[in-house]
Amino acid sequence: MSSKKEPHYVRERKIILQYIKNDSPIILDIGVGQCACMSLLMAQKGYQVIAIDNEQDALENAKTRINESGVDGQINLKLEDATSLSFADGSFMNIVAYNSLHHVQNLDKAVAEIYRVLRPEGRAIISDFDETAEGYLDDLCDLLKSRFKQVRQIKRKYRRIFVCRKTKTKKII
């Protein structure tokens, strides 16, 4: 029997899937990217996914991967900017941002938009990394804690997963 250790990204994706609330079948995936990894995993688990990215090329490549996967009817790709989402307030019970927020120019605005479109009692699951050790993840953590009442961190070397819960009581900022 092989005791080969799973790659970090496989473990990370499994952790993210564990924190998705099952009471809503639709998930917003912010920053789907070219590989559409998380969108594909969530669709394979039976979720409907609205996957956004602000790069048309990324969406085109994601579309090719999705079409080849057999779950293309479960993923809706949209050209959107994370700092200016077109969705109504409280549209989603689950939002996932998998290794994408470090690409956003205005992180504060993106986090504010995530908070706005998340339903009360909903979860935003944000995974990111900082190989430069310049404090990006600490800054992101502080920003999330300034918005959300509950933020759980799962630390892994230079990577972190943040599970943020929006409570029914508004947090004054």
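Residues numbered from 1 in each chain as written. Predicted model: local features only at pLDDT ≥ 70, side-chain atom pairs only at ≥ 80, totals over all residues. Heavy atoms only, no water.

A.B. asks: Where do I start with the overall build of the protein in this structure?
C.D. replies: Of regular secondary structure, the protein possesses 5 helices and 7 strands. Taken over C-alpha atoms, the radius of gyration comes to 16 Å for the protein, in line with the 16 Å a tight globule of 173 residues would show. Overall, the C-alpha framework of the protein stretches about 45 × 40 × 30 Å when taken along its three principal axes. Here the protein holds 173 residues, and the buried ones make up 49% of them. For the protein, the proportion of contacts with a sequence separation of at least 24, taken over those separated by at least 6, is 68%. For the protein, the exposed surface amounts to about 9300 Å²; the carbon and sulfur share of it is 47%. Counting 28 positive and 23 negative side-chain charges, the protein places the averaged centre of each group 9 Å from the other. (Helix = DSSP H or I, 4+ residues; strand = E, 2+ residues; numbered from the N terminus. Rg over C-alpha atoms; globule rule 2.2 N^0.38 Å. Buried < 20%, exposed > 50% of the residue type's maximum accessible area, 1.4 Å probe, protein only. Contact = heavy atoms within 4.5 Å. Areas by Shrake-Rupley, 256 points an atom, 1.4 Å probe, with all protein chains shown as cover. Lys, Arg positive; Asp, Glu negative; His and termini not counted. Charge placed at Lys NZ, Arg CZ, Asp CG, Glu CD.)

A.B. asks: Would you explain the pattern of salt bridges in this entry?
C.D. replies: When the charged atoms of two side chains with opposite charge come close together, those side chains can pair. All told, the structure shown has 7 salt bridges when counted by the stated rule. Residue R159 is joined to E12 by a salt bridge in which the shortest nitrogen-to-oxygen separation is 2.9 Å. Of this pair, R159 sits in strand β7 (residues 159-165) while E12 sits in helix α1 (residues 8-18), and the two are 147 residues apart along the sequence. Ionic contacts of the salt-bridge type, sharing partners, join the residues D89, E113 and R116 into one network. (Salt bridge = Lys/Arg side-chain N within 4 Å of Asp/Glu carboxyl O.)

A.B. asks: Could you clarify how one ought to interpret the packing of aromatic side chains in this entry?
C.D. replies: Two numbers describe a pair of aromatic rings. These are the distance of the centres and the angle of the planes. Inspection of every chain in the model, using the stated rule, returns 2 aromatic pairs. Ring centres 5.0 Å apart and planes at 85° place the aromatic pair F87 and F92 in the edge-to-face group. When its relative accessible area of 3% is taken as the criterion, F92 is described as buried. Taken together, a centroid distance of 5.2 Å and an interplanar angle of 70° make the contact between Y115 and F148 edge-to-face. With Y115 in helix α4 (residues 107-117) and F148 in the loop between α5 (136-147) and β6 (150-156), the pair connects residues that are 33 residues apart, well separated along the chain. When its relative accessible area of 15% is taken as the criterion, Y115 is described as buried. (Phe/Tyr/Trp six-rings, centres within 6.5 Å; stacked < 30°, edge-to-face > 60°.)

A.B. asks: Would you take a moment to explain the side chain of K166 for this structure?
C.D. replies: By the element assignment, K166 lies in the segment after β7. Here K166 sits buried without a salt bridge, and the closest side chain of opposite charge, D89, lies 7.3 Å off (N-O distance). Residues within four places of K166 in sequence aside, it is in contact with Y115, R116, L118, R119, P120, E121, G122 and F148.

A.B. asks: Please explain the sheet that holds strand β2 (residues 48-53) as it appears in this structure.
C.D. replies: Two modes of strand pairing occur in sheets, parallel and antiparallel, and in both the strands are linked by backbone hydrogen bonds. On the basis of which strands lie adjacent, the open sheet formed by 7 strands has the order β3-β2-β1-β4-β5-β7-β6 and mixed pairing. A strand with exactly one partner marks an edge of an open sheet, and here the two such strands are β3 (75-79) and β6. Recorded for the sheet is a direction-independent mean angle of 15° between the axes of neighbouring strands. On the sheet, α4 packs against β1 (26-30), β4 (92-98) and β5 (118-129) and is oriented at approximately 145° with respect to β5. (Pairing = 2+ DSSP bridges. Axes fitted to C-alpha atoms, helices over the stretch in contact; angles between N-to-C directions.)

A.B. asks: Explain unusual backbone geometry to me, please; I cannot follow it from the model alone.
C.D. replies: Glycine aside, residues mostly have negative phi, and peptide bonds are mostly found in the trans state. Non-glycine residue A36 carries a positive phi angle of around 55°. For A36, a relative accessible area of 1% translates into the label buried. A positive phi is found at E121, a non-glycine position, where the angle reads about 75°. Within the fold, E121 resides in strand β5.

A.B. asks: Sorry if this is basic, but what is going on with the pairing of β2 here?
C.D. replies: Two faces, one strand: in a regular strand the side chains alternate between the faces of the sheet. Counting buried positions along β2 gives 5 out of 6 residues, so the element sits mostly inside the fold. Between the parallel elements β1 and β2, the chain passes through helix α2 (residues 37-44) in a crossover that is right-handed. Strand direction decides the pairing type here: β2 and β3, joined by 5 bridges, are parallel. Looking at β3, one finds that A51 is bridged to L77. Handedness of the crossover joining β2 and β3 through helix α3 (residues 56-69) is recorded here as right-handed. (Right-handed = clockwise from strand over helix to strand, strands pointing away.)

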